[in-house]
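Observations on the model geometry
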Amino acid sequence: MKDYKYVGKNIKFKDVEERVTGRLKYAGDLNHSDMLYSRVLLSEVARGRIKSIDSSKAEELPGVVKVYTYENTPQNTFNSYNWYRGQEVSKDEVLLTPYARFVGDRVAAVVARDKKTLQQALDLIEVEYEEEEPIIDPREGLASDDSLHGEENPFAKQELSCGDVEGNFAEIPDELIFEDELETPKIHHATMENHVCFAYPKEPDRIAIVSPCQLLFSVRMMVANMLDLRFNQVHAIKAPVGGSFGAKQEIFLEPLCAFMARDLDRPVKLEFKRRDSILATRTRSKIIGKVKTAVDKEGKIRARDIDVLVDAGGYTSNGNIVSIAMAKKVFRLYRIENQRYRGKSVHTNTPIGGACRGYGSPQIHTLTEINIDRVAKRLDMDPVDFRLKNLIQPYDKDPTGGPNLGNAQIIAALKEGAEKFDWYNKRNRKEDKGRYRRGIGVACCTHGNGYYGAYHDFTGMTLRMYADGSLLLNTGLHELGNATLTAIAQIAGEVLEIDPGEITVLEADTDLSPYDIGAHASRGTYVCGMCAFKIAEKLKEQFLRESAKVLNTTADQVEMEQGEVWLKDAPQKRLSYGEMAARVQVENQRELFTTYSYQAQTNPGSYGAHFAEVEVDTFTGLVKFKDYVAAHDVGKAINPSSVEGQIHGGVQMGIGMALCEEITFNDKGQPLNTNFSSYHLVNAPEMPKVRVSLIEEGGDEGPYGAKSIGEIATVPVTAAVVNAVNDALDIKLNVLPMTPARILEALNEKEE
Amino acid sequence: MKGLKKEKQKQNKTKYFSPGNVKEAVEILAEIGEEVEVLAGGTDLLVRYYERLYDIDYLLDLRLLEGLEGIKLYDDRIEIGARATHSQLEKSEYINKYFPIIGQAAANVGSPQIRNRGTIGGNIVNASPAGDLLPGMLAYEAKFKLVSAKEEIIVSAEDFFVEPGKTILKPNQLLTKVILPKPEENTYSSWIKIGMRKTVAITTISLALVLKLKRDNNTIKELRTCLGSVAPTPLLIRELNREIKGEKIDQLDFNRLGELVADIISPIDDVRATKEYRKEVARNIMIESLEKVAKLR
Amino acid sequence: MKIKLTVNGEEREVRTTSETRLIDLLRADLHLTGAKEGCGEGECGACSVIMNGELVASCLVLAPQADGADIITIEGVGDGNKLDIIQQTFIEVGAVQCGYCTPGMVIAARKLLEENSRPTEEEIRHGLSGNLCRCTGYQKIIEAVELAADRLTDGRGSEGEGL
Ligand SMILES: Cc1cc2nc3c(=O)[nH]c(=O)nc-3n(C[C@H](O)[C@H](O)[C@H](O)COP(=O)(O)OP(=O)(O)OC[C@H]3O[C@@H](n4cnc5c(N)ncnc54)[C@H](O)[C@@H]3O)c2cc1C
Ligand code: FES
Ligand code: FES
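So, the overall build of chain C
Looking only at helices and strands, one finds five helices and five strands in chain C. Each helix and strand of chain C, placed in order from N terminus to C terminus, yields the pattern β-β-α-β-β-β-α-α-α-α. By the compact-globule yardstick of 15 Å for 163 residues, chain C fits well, its C-alpha radius of gyration being 15 Å. Dimensions of chain C, computed from C-alpha atoms along their principal axes, come out at roughly 45 × 30 × 25 Å. Here chain C holds 163 residues, and the buried ones make up 66% of them. Sequence separation of at least 24 residues holds for 59% of the intrachain contacts in chain C that already meet a minimum separation of 6. Per element, the accessible surface of chain C, about 5200 Å² overall, is 41% carbon and sulfur.

Below is the structure:
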């Protein structure tokens with residue numbers, strides 16, 4: 001593959017010095033003179049109408065400015081997942097509710113002059129609920145027919161299929177049909193930065209809102225909608241994001257904060273504490289899935305049938321759409337001619353499900369990849385070989401009519417990963433009999449590159465070269481810590497033959513930047529990176545043309561490289577970009593400046609294969625990692641170090657889902673773990689060293705062939721780990737996470 | 001946290017004391033009594049009052065109190081000041097020599113940040129069933145010195161714990177010292193902690209075991225077994241000792257003792273684990289502990 | 001009440017209360033916002049600072065407990081525009097993503113290397129066990145600490161500020 005100057009290099013993360021010195025100001029670090037502070041009171045009951053709410057004592061507390069409840073806030077409904085105007089969504093949430101639908105529902109908000117008063121004020125608000133029987137288990141939700149919103153439960157059903165599923169199942173003998181079930185947990189995104197936003201009134205009759213978010217333009221829309229303002233009355237400003245992973249793509253705090261700031265005509269900062277973030281933001285949706293796979297004797301998958309129940313929690317959000325996203329994934333990994341996905345989404349009195357790194361993809365892959373493994377084993381086939389037999393090939397069609405899979409290098413990833421992991425030798429190891437048992441597991445996966453095929457997907461940018469040769473790329477993008485802006489600068493720098501450090505990339509500011517649909521759907525590099533590529537090409541063309549004018553020649557006589565421009569036949573006489581740009585301004589009387597709007601044309605699959613080796617302590621049920629390999633088809637790594645970083649972080653999250661992360665509830669819907677002492681993240685001593693292989697075959701439309709990595713990095717992890725534990729103990733675990741207690745229980749059941 | 005809510009609005013700010021000696025401190029306790037919160041490292045107290053510091057009326061900070069620091073060696077005992085931190089215990093030569101499992105337990109409390117602040121006194125008075133120093137205290141027959149304005153008394157660790165968060169310590173008393181009698185010759189010990197993570201984990205179940213052998217280094221003189229997180233207080237299993245006293249360690253049926261421990265305890269379900277899990281693991285770690293001490297011989 | 005403390009080498013006198021935590025004092029009163037509150041309960045380490053030579057969680061220290069103390073925060077690491085070696089290696093290996101855990105990580109790493117100039121990977125993992133990160137899987141953070149240890153022990157520290 002071609003060697004580039006900047007693409008494929010570990011260029012230093014833009015603004016990393018600010019981060020490493022603690023100078024970067026996150027929204028929570030901002031201070032305004034005259035600023036007020038706010039926190040939200042969360043419901044203490046899982047379900048119940050508010051009989052009375054008495055905030056008088058809180059209001060009397062010195063320092064308290066005002067208490068808000070449903071009685072003095074707008075009661076128009078919204079859906080926090082609403083990201084564009086014209087989107088059809090079911091709106092069932094209000095800013096502050098008169099009817100609590102889970103422990104954590106927003107009931108009141110306090111505004112005070114200092115932070116320390118807030119909790120005391122919250123404690124002084126007296127709420128009486130008319131408690132009702134909650135629905136906690138989504139299966140109950142199905143059975144009860146009782147919706148929390150006066151409609152049917154399940155509130156949505158989804159179906160997607162290809163071929164003839166029933167006919168094929170009828171033909172295959174029972175012993176070649178394998179069925180599995182799986183329950184995945186409700187998971188907290190656990191961004192280290194809790195949710196926070198900051199609003200201040202602006203003259204004339206405008207409101208500014210500062211938010212560490214993923215969809216700034218949607219923040220603007222939602223604030224405008226909820227406050228009955230025009231879009232141009234709202235100025236949304238993106239703050240640095242201290243972790244997002246989907247948690248900061250839904251909009252529910254900003255409108256409330258903006259409302260209070262306007263109502264009080266003062267700056268208001270609304271902050272969440274960890275417990276608030278666990279309960280009252282969004283969670284990875286819990287699913288309960290069933291999968292049935294029919295194979296022939298040669299080990300070819302003939303048909304597959306999948307049923308998924310999605311627990312959306314107390315409000316709809318995207319409880320329907322996430323199921324559709326799951327449906328789409330299952331047709332894009334194996335060649336299965338006859339396949340059906342059926343989903344149902346139910347409301348329960350638990351925290352709201354929402355977007356979370358992978359958007360349903362980790363859940364559905366965990367279900368199907370555990371099943372694939374078990375099918376292979378029951379056929380007495382090696383799990384890698386079985387997969388190799390059935391995986392899709394580059395440029396396969398999506399059998400449901402979705403976008404072409406593109407240069408899908410899953411087979412290469414699986415083979416290379418297996419080699420690196422030493423899969424076949426590890427599989428031939430003697431089975432352990434003692435206290436500690438080793439096992440290995442593999443899982444494959446696919447994920448998308450943007451919204452093409454599902455929604456509109458476009459972005460705009462403007463690029464200018466100043467008279468000193470430095471560049472400014474104005475975008476509507478969101479840096480989330482995954483080095484998006486750096487990658488964008490590398491791409492533009494490569495095209496323009498200039499050090500990416502010379503390019504300032506601005507992120508979203510709704511007053512100043514072009515529109516972007518937001519940092520979701522794994523579109524940052526593939527779609528927005530392509531826009532950067534195109535606009536850089538356009539500016540390059542312009543630069544050559546304008547330089548030619550200055551030099552009294554034609555564009556084809558001008559060369560540019562490494563920040564310098566010259567006439568083809570006078571290479572010894574070089575001008576710097578800056579010298580030329582200045583002359584262009586003076587002599588041609590124009591600025592080097594261009595705008596571009598890019599629409600995604602394709603949406604190939606990204607692919608990955610992960611391998612885990614674990615050692616399970618049968619005395620305690622604790623799992624230790626011996627090895628971990630992640631192989632990814634990324635098309636082209638624009639910045640290999642940050643691609644690796646995404647993978648490492650993805651593995652951390654996936655291991656959490658496999659082994660320890662779960663928000664649990666008692667039968668009254670009271671959450672049992674609302675802090676990091678009882679909700680455990682994988683910390684440094686638990687993490688394996690992840691060995692990464694990157695497959696860089698390009699072949700798709702993205703910039704320099706690049707494809708997405710951030711979300712897919714976490715998709716196959718859980719399944720690989722579960723498969724490894726199942727392998728170590730020869731058990732079948734159906735409920736995640738596999739806590740030590742669940743592991744020992746499964747082991748005991750096997751022995752009985 | 002509902003219990004911490006104030007029905008009425010609190011008018012006064014927290015009153016803060018940081019006396020320099022025990023006498024002053026206990027006088028404050030005598031005067032104000034129950035409403036005082038004693039503050040050592042704060043790693044339990046500040047978590048309990050997270051966001052609700054306004055709810056504390058009086059704080060008695062031990063930070064300047066003389067006589068509560070340090071680890072001192074005497075002929076027959078070691079005395080640990082209540083303000084000794086986990087980090088100090090972990091690094092103490094005396095502790096590691098005479099009471100290795102206290103050092104091991106301290107070394108695995110929380111994280112470096114917690115060990116640098118959290119104290120032995122706080123761990124003991126906080127009386128969490130999962131407090132990691134507590135099983136060792138019972139297994140090594142520790143004694144605690146409690147001081148009030150009226151008197152100084154010495155109580156045994158075995159009698160100290162009442163229920164989660166509750167001990168016999170009275171509001172007017174301060175825990176000043178932990179006294180550990182130096183073990184006799186041929187004493188061996190083991191500490192096992194099981195949590196949901198290797199580090200920074202509340203104990204799901206733990207076991208401190210101290211085995212005293214007779215001069216022949218084989219015949220069992222006494223076996224002290226204390227489990228954490230299986231009962232409201234650290235649970236010393238006396239039955240075991242009766243069962244095996246006089247037997248020889250190299251002929252002991254470890255499995256039988258493991259089963260016995262599992263039978264005796266009656267743990268509960270919580271967010272970390274089920275009671276079945278705790279029983280099974282209790283058996284397994286009992287066996288492991290016996291194997292460990294037998295090997296140390 | 002008034003307390004005196006030394007923060008990053010500078011003596012400060014602050015009017016505060018016993019309901020104020022060290023993290024609040026640093027962030028609100030001294031405008032040193034490098035230390036973050038990720039949990040407020042000692043679990044995440046984002047608020048880590050060095051107090052009297054020891055690594056502590058500033059969310060679990062009351063302001064009066066810091067009276068007379070010597071505090072080093074992330075703002076006191078490195079010297080003005082010069083990054084210290086750990087900060088440099090964090091940048092070099094790409095150990096920073098969202099950056100929210102980074103100040104705490106750098107502080108914890110610094111303490112770790114002060115106490116153990118040649119830590120094993122296992123020792124680094126344990127030394128950072130009180131610092132959670134959701135972005136990096138810790139791997140590059142550990143590499144950065146290893147690299148910093150190498151530089152500090154083989155004397156190549158002269159390029160930047162030492163510890
Ligand atoms: C993240 C984290 C992890 C933790 N991990 C563990 C762990 O693994 N194992 C474990 O056992 N604990 C753990 N703890 C709990 C805690 O750190 C320990 O119990 C610690 O020893 C408490 O000591 P302290 O000095 O901080 O107590 P403080 O919080 O100061 O006090 C605790 C209680 O004891 C009282 N008290 C303290 N000293 C005295 C005295 N001398 N006389 C009378 N009363 C007194 C206080 O009034 C208070 O009620 C953890 C805590 C956190 C935040
Ligand atoms: S905020 Fe102090 S440890 Fe998390
Ligand atoms: S870099 Fe984001 S939490 Fe560590």
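Here we look at the side chain of Arg-523 of chain A
All names here are of chain A. Inspection of the secondary structure puts Arg-523 in the loop between strand E22 (503–506) and helix H15 (524–550). Judged by relative accessible area, which is 1%, Arg-523 ranks as buried. A polar contact is formed between the side chain of Arg-523 and the backbone oxygen of Phe-458, at a distance of 3.1 Å.

Some thoughts on the site of ligand 1
Neighbouring residues of ligand 1: 36 residues in total, closest Val-38, Thr-43, Leu-45, His-86 and Thr-119 of chain B. Surrounding ligand 1 are residues belonging to chains B and C, so the site spans chains. Val-38 of chain B places a main-chain nitrogen or oxygen 2.5 Å from an oxygen atom of ligand 1. Between Arg-48 of chain B and ligand 1, the recorded distance is 3.1 Å, taken from a side-chain N or O atom to an oxygen atom.

Quick notes on the interface of chain A and chain C
Each partner contributes residues to the interface: chain A has 52 residues there, and chain C has 45 residues. Interface of chain A and chain C: buried area, both sides summed, is about 3900 Å²; carbon and sulfur atoms make up 54% of it. The largest share of the area that chain A buries against chain C comes from Val-20, Met-192 and Ala-684 of chain A, three residues that together contribute 18% of it. The interface formed by chain A and chain C contains six salt bridges. Taking the shortest distance from any N to any O, the salt bridge between Glu-37 of chain C and Lys-273 of chain A comes out at 3.1 Å. Here chain A and chain C share 30 residue pairs in polar contact (both at pLDDT 80 or more) between them. Among the secondary structure elements, those contributing two or more residues to the side of chain A that touches chain C are helix H1 (16–20), strand E9 (187–188) and helix H17 (640–659) of chain A. Broken down by element, the side of chain A that touches chain C gets its largest block of residues, eight residues, from H17 of chain A. Across the side of chain A that touches chain C, the residue classes tally to 20 nonpolar, 19 polar and 13 charged.

Observations concerning the sheet that holds strand E6 (residues 126–131) of chain A
Pairing is antiparallel in the open sheet, where three strands are placed in the order E4-E2-E6 (chain A). Lying at the two open borders of the sheet, with one neighbouring strand each, are strand E4 (99–100) and E6 of chain A.

Overview of the packing of H17 of chain A against helix H18 (residues 717–729) of chain A
Residues and elements named next belong to chain A. For the pair H17 and H18, the least separation of the axes is 7 Å and the interaxial angle reads 50°. Looking at the two axes, H17 sits oblique to H18. Of the two possible hands of crossing, H17 and H18 adopt the one that is right-handed. Only Val-717, Thr-718 and Val-721 of H18 make contact with H17, whose side of the interface consists of Gly-650, Val-651, Gly-654, Ile-655, Met-657, Ala-658 and Leu-659. For the contact of H17 with H18, the per-class residue count stands at seven nonpolar, three polar and no charged.

Some details on the interface of chain B and chain C
Between chain B and chain C, the contact holds 26 residues from the first and 31 residues from the second. Together chain B and chain C conceal approximately 2400 Å² of surface at their shared face, both sides included; 57% is due to carbon and sulfur atoms. Linking chain B with chain C are zero salt bridges, by the criterion used here. At the surface where chain B touches chain C, the tally comes to nine residue pairs in polar contact (both at pLDDT 80 or more). At the level of secondary structure, the elements contributing two or more residues to the side of chain B that touches chain C comprise helix H2 (45–48), strand E3 (58–61) and helix H6 (112–117) of chain B. For the side of chain B that touches chain C, the element with the most residues is H6 of chain B, which contributes five residues. Its residues placed into classes, the side of chain B that touches chain C shows twelve nonpolar, eight polar and six charged.

Concerning unusual backbone geometry
As a rule of thumb, non-glycine residues mostly have phi less than zero, and peptide bonds are mostly trans rather than cis. Looking along the chain, the bond that leaves Glu-203 of chain A and enters Pro-204 of chain A is cis, with omega of -20°. Within the secondary structure layout, Pro-204 of chain A lies in the loop between strand E10 (196–202) and strand E11 (206–211). A cis amide bond links Leu-736 of chain A to the next residue, Pro-737 of chain A, at an omega of -5°. Within the secondary structure layout, Pro-737 of chain A lies in the loop between H18 and helix H19 (740–751). Positive phi, normally seen in glycine, also occurs at Ala-127 of chain B, with a value near 50°. Within the fold, Ala-127 of chain B resides in the loop between helix H7 (120–126) and helix H8 (134–139). One non-glycine residue, Asn-52 of chain C, lies in positive phi territory at about 50°. Note on placement: Asn-52 of chain C falls in the loop between strand E3 (48–51) and strand E4 (54–57).

A look at the domain arrangement of chain C
Residue and element names in this part refer to chain C. Splitting chain C by domain gives domain 1 (2–76) and domain 2 (85–153). Computed from C-alpha atoms alone, the centre-to-centre distance between domain 1 and domain 2 is 21 Å. Contacts between domain 1 and domain 2 engage 16 residues on the former and twelve residues on the latter. Counting the surface lost from both domain 1 and domain 2, the interface buries some 1200 Å², and carbon and sulfur atoms represent 65% of this. The interface formed by domain 1 and domain 2 includes zero salt bridges.

Topic: the nonpolar core
Within the largest apolar cluster, 159 residues are counted, with the highest numbers of intra-cluster contacts made by Tyr-628, Val-721 and Met-738 of chain A together with Phe-90 of chain C. Beyond its immediate stretch of four places on either side in the chain, Tyr-628 of chain A contacts His-610, Phe-611, Ala-612, Val-651, Pro-688, Lys-689, Val-690, Arg-691, Val-717, Ala-720 and Val-721 of chain A. By size, the runner-up hydrophobic cluster in this structure holds 49 residues, among which are Leu-29, Tyr-98, Phe-144 and Val-178 of chain B.

A word on the domain arrangement of chain B
Residues and elements named next belong to chain B. As assigned here, chain B comprises domain 1 (12–61), domain 2 (71–181) and domain 3 (187–296). Summarising the inter-unit geometry, the C-alpha centres of domain 2 and domain 3 are found 20 Å apart. Taken residue by residue, the interface counts 22 residues in domain 2 and 26 residues in domain 3. Summed over the shared surface of domain 2 and domain 3, the number is five salt bridges. In this structure, Glu-158 engages Arg-224 in a salt bridge whose closest nitrogen and oxygen atoms are separated by 2.6 Å. Remark: the boundary between domain 2 and domain 3 carries ten residue pairs in polar contact (both at pLDDT 80 or more). Looking at the side of domain 2 that touches domain 3, the element that brings in the most residues is H8, giving five residues.

Here we look at the environment of Leu-567 of chain A
All names here are of chain A. Relative to the helices and strands, Leu-567 resides in strand E24 (residues 564–567). The class of Leu-567 is partly exposed, set by a relative accessible area of 23%. In this view, Leu-567 contacts Leu-551, Thr-553 and Gln-557; residues no more than four positions away in its chain are not counted.

Side note on the sheet that holds strand E15 (residues 286–295) of chain A
Residues and elements named next belong to chain A. Pairing is mixed in the open sheet, where five strands are placed in the order E7-E17-E16-E15-E8. One side of each edge strand has no neighbouring strand; the edge strands of this open sheet are strand E7 (156–162) and strand E8 (177–183). Across the sheet, the mean angle separating the axes of adjacent strands is 10° when strand polarity is ignored. The pairing of strand E16 (residues 301–313) with strand E17 (residues 338–347) spans ten bridges and is classified as parallel. Across the sheet, the residue bridging to Ala-303 is Asn-338, located in E17.

Calculation criteria
- Residues numbered from 1 in each chain as written.
- Chains lettered and ligands numbered in written order.
- Predicted model: local features only at pLDDT ≥ 70, side-chain atom pairs only at ≥ 80, totals over all residues.
- Heavy atoms only, no water.
- Helix = DSSP H or I, 4+ residues; strand = E, 2+ residues; numbered from the N terminus.
- Rg over C-alpha atoms; globule rule 2.2 N^0.38 Å.
- Buried < 20%, exposed > 50% of the residue type's maximum accessible area, 1.4 Å probe, protein only.
- Contact = heavy atoms within 4.5 Å.
- Areas by Shrake-Rupley, 256 points an atom, 1.4 Å probe, with all protein chains shown as cover.
- Polar contact = N/O pair within 3.5 Å; in protein donor to acceptor, adjacent residues only side chain to side chain.
- Near = heavy atom within 4 Å.
- Buried area = accessible area lost by both parts, 1.4 Å probe.
- Salt bridge = Lys/Arg side-chain N within 4 Å of Asp/Glu carboxyl O.
- Nonpolar A, V, L, I, M, F, W, Y, C, P; charged D, E, K, R; others polar.
- Pairing = 2+ DSSP bridges.
- Axes fitted to C-alpha atoms, helices over the stretch in contact; angles between N-to-C directions.
- Parallel < 35°, antiparallel > 145°, perpendicular 65-115°, else oblique.
- Left-handed = near helix turned anticlockwise from the far one by under 90°.
- Domains from an automatic or database assignment.
- Core = buried A, V, L, I, M, F, W, Y, C linked by side-chain atoms within 4.5 Å.

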